[in-house]
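The primary structure of each chain is shown beneath.
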Amino acid sequence: MQLISNLSPTEHRFDDGGVVFGFRSDSLDICRLVLSFEAGSFFQSQPLEADAASRLFSEGTMQRSPQQVAEFLDYRGIIIEKSKDTYSADISVYMLRKYADEMLPMLHEMLTQPLFGEQEFEVYKGALRQKIETQVRKTSSMAYRMFYEAVYGKDHRLTRFAVPADVDRLSLDSIRDFFHQHYRLSDAQIVLAGGYDDALAARCHELFGGRTIDADSLTRCEQPPQHSNQREYHHHMDSAQTTLRIGRRLPLRWDDMDYVRFMVLNTMLGGYFGSRLMSNIREDKGYTYGVYSATALSRDDIKFFITMDVGNEVARQAAEETYREIERLQQDKVTAEELDMVRRYMEGDFIRTVDGVFERAERFMQMRIEGISEHFTDNYFEAIRTTTPDDIQRLAQTYLRKEDLKEIIVGAGV
């Protein structure tokens, strides 16, 4: 069966070189506008600046109070969503097409004349402090941080995690400076999806610019050397459960066929409900409600990890069973039947993620942010069709050697 991802957008290009990417559906009344900026946590001078700028810029403008902005949006049923990762910060606006002509100038006002009011700042800090204080006590959060420190080193830019004291170090001046430096409209990437027309695309370009970024020009982080066989354990006296996280950085690129074939291996190991880890550790042993493995692809590198929360009394057994499943993949070839089941799942799951213009636009934007082209999708389907039991065994033997895996265990089960 031939699968078509249909991730190529319409490119609305303008005389000044600007571009607005579009995924149009004339059957929809709703449209979604996404503005993406290089304004993630990598660029901040201190922890939490990027998060604060993303959260607070829409809380009022120099002309309108926070209440007036909220009433404007609520009356028209307009939703603004914000997301932020290592490098990018995205603003997504969902609106009926008939309100777009009113909303676009309002969004422009938010981006060019944000209020950053003292009262909203204090409310934000209070909620943020409580959130961080709760997170740092969770075994899952501690394991996540320790894993990144094991992978990159404790002094790396990607392991500067926020602590409660960082909330008190925030200032409105530093947040304003960060926002005005990194949310420049001339640097925005723009994607429209849903019920829009050429006139709306032109209006978006008029107000927000819109440009295309070459993958080679994206900011990237220097990669530290690989360190093997690192085991870290943290005894958490009061924890009701223990968190395990096992994994590594993969010495692969997004356009390597070995990477997309590894995705097939990962799915079989722990990437879906019928995986080997789920069947063993959840269904058979009953050690956890859920265990999964995944690959995390970024513009810097690719990380592989297995994670689960287990009862304190079975933490060691869960780790042993994890390595046992890896060893099975290294020693015994998988059956054609199991591999076919994984193929069907991966094909169906991909179709689900691009089933609709909003979903296709989302995937397209994610790929652009990470510097990935449609060549990845071609490789993905090629890997699903052609990966063999020999490939699975070779990849497990090459990339899942125990001496290359980091093992983090946090909780009372240590």
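Summary of the structure given here. Model, not experiment: these values are computed from the prediction.

About the cut-offs
Residues numbered from 1 in each chain as written. Predicted model: local features only at pLDDT ≥ 70, side-chain atom pairs only at ≥ 80, totals over all residues. Heavy atoms only, no water. Helix = DSSP H or I, 4+ residues; strand = E, 2+ residues; numbered from the N terminus. Buried < 20%, exposed > 50% of the residue type's maximum accessible area, 1.4 Å probe, protein only. Axes fitted to C-alpha atoms, helices over the stretch in contact; angles between N-to-C directions. Parallel < 35°, antiparallel > 145°, perpendicular 65-115°, else oblique. Contact = heavy atoms within 4.5 Å. Nonpolar A, V, L, I, M, F, W, Y, C, P; charged D, E, K, R; others polar. Phe/Tyr/Trp six-rings, centres within 6.5 Å; stacked < 30°, edge-to-face > 60°. Lys NZ or Arg CZ within 6 Å of the ring centre and 35° of its normal. Salt bridge = Lys/Arg side-chain N within 4 Å of Asp/Glu carboxyl O. Expected span 1.5 Å × (residues − 1). Left-handed = near helix turned anticlockwise from the far one by under 90°. Pairing = 2+ DSSP bridges. Arc of directions from axis to C-beta.

As for the side chain of serine 88
- Along the chain, the position of serine 88 falls in the loop between strand E4 (79-84) and strand E5 (89-96).
- The class for serine 88 is buried, based on a relative accessible area of 2%.

Side note on the packing of helix H1 (residues 49-56) against helix H7 (residues 172-182)
- In contact at an axis separation of 9 Å, H1 and H7 are set at 80° when each is read in the N-to-C sense. One element, H1, and the other, H7, form an angle in the roughly perpendicular class. Here Glu49, Ala50, Ala52, Ala53 and Leu56 of H1 lie close against H7, whose contacting residues are Ser174, Ile175, Phe178 and Phe179.
- Along the lines of polarity and charge, the residues of the contact of H1 with H7 split into seven nonpolar, one polar and one charged.

Concerning the packing of aromatic side chains
- Tallied over the full model, the rule gives 25 aromatic pairs.
- Seen in terms of ring centroids, phenylalanine 42 and tyrosine 87 are 5.0 Å apart; in terms of plane orientation they differ by 45°. Their pairing is tilted. Separated by 45 residues along the polypeptide, phenylalanine 42 in the loop between strand E3 (30-37) and H1 and tyrosine 87 in the loop between E4 and E5 bring together distant segments of the chain. There is no split in this pair, since phenylalanine 42 and tyrosine 87 are both buried.
- Ring geometry for tyrosine 94 and phenylalanine 358: centres 6.0 Å apart, planes at 85°, overall edge-to-face. Residue tyrosine 94 is found in strand E5, and its partner phenylalanine 358 is found in helix H13 (residues 357-369); the two are separated by 264 residues along the sequence.
- Residue tyrosine 94 is classed as partly exposed on the basis of its relative accessible area, which comes to 23%.
- Here a set of aromatic residues connected by ring pairs shows up, and it is made of Phe37, Phe57, Phe116, Phe179 and Tyr183.
- The ring of phenylalanine 72 has arginine 64 sitting right over it, with the charged end atom 5.8 Å from the ring centre.

A short note on the pattern of salt bridges
- For the structure on display, the rule yields 35 salt bridges.
- Aspartate 197 is the partner of arginine 97 in a salt bridge, and the nearest nitrogen-oxygen pair spans 3.3 Å. Separated by 100 residues along the polypeptide, arginine 97 in the loop between E5 and helix H3 (100-112) and aspartate 197 in the loop between strand E6 (189-194) and helix H8 (198-208) bring together distant segments of the chain.
- Residues joined by salt bridges that share partners form a network here, namely Arg248, Arg401, Glu403 and Asp404.

Details of helix H14 (residues 375-386)
- Given a rise of 1.5 Å per residue, 12 residues ought to cover 16 Å, and the 16 Å separating the end C-alpha atoms of H14 matches this to within 8%.
- Among all positions in H14, only Phe376, Thr377, Asn379, Tyr380, Phe381, Ala383 and Ile384 are buried.

Notes on the packing of helix H12 (residues 336-353) against H14
- Two numbers describe how H12 lies on H14: the axes approach to 9 Å, and their chain directions differ by 155°. By the angle class used here, H12 and H14 are roughly antiparallel. You can see that H12 and H14 cross each other, and the crossing is left-handed. In this structure, H12 contributes Arg343, Met346, Glu347 and Phe350 to the contact, and H14 contributes Thr377, Tyr380, Phe381, Ala383, Ile384, Arg385 and Thr386.
- Across the contact of H12 with H14, the residue classes tally to six nonpolar, two polar and three charged.

Some words on the pairing of strand E8 (residues 242-250)
- E8 sits mainly inside the fold: nine of its nine residues count as buried.
- Pairing analysis gives nine bridges linking E8 to strand E10 (residues 302-310), with the strands arranged antiparallel. Among the inter-strand pairings, leucine 244 is bridged to a residue of E10, identified as methionine 308.
- Direction of pairing for E8 relative to strand E11 (residues 406-411): antiparallel, over a ladder of five bridges. Each bridged residue has a counterpart across the sheet, and for isoleucine 246 the counterpart in E11 is glutamate 407.

Quick notes on helix H2 (residues 66-76)
- All of the buried residues in H2 are Val69, Phe72, Leu73 and Arg76. The buried side chains of H2 occupy one side of the element, clustering within an arc of 90° when seen end-on. Pointing more than 90 degrees away from the buried face of H2 are the exposed residues Gln67, Asp74 and Tyr75.
- Lining the buried residues of H2 we find E4 and H3.
- Immediately beyond the C-terminal end of H2, within one or two residues, lies glycine 77, with a positive phi of roughly 65°.

Side note on the sheet that holds E10
- Pairing in this open sheet of five strands is mixed, and the strands run E7-E11-E8-E10-E9 from one edge to the other. Lying at the two open borders of the sheet, with one neighbouring strand each, are strand E7 (231-235) and strand E9 (291-297). Going from strand to strand, the sheet's axes swing by 15° on average, the running direction of each strand aside.
- Strands in contact with helix H5 (residues 139-152) are E7, E8, E10 and E11; relative to E11, the strand with the most contacts, it is inclined by about 155°.

Some thoughts on the sheet that holds E4
- What the six strands build is an open sheet, ordered E1-E2-E6-E3-E5-E4; its pairing is mixed. Since the sheet does not close on itself, it has two edges, and those belong to strand E1 (10-13) and E4, each with one partner. Adjacent strand axes in the sheet meet at a mean angle of 20° when their direction is disregarded.
- Pairing geometry for strand E2 (residues 19-24) and E6, over four bridges, is parallel. Directly across from glycine 22, in E6, lies its bridge partner leucine 192.

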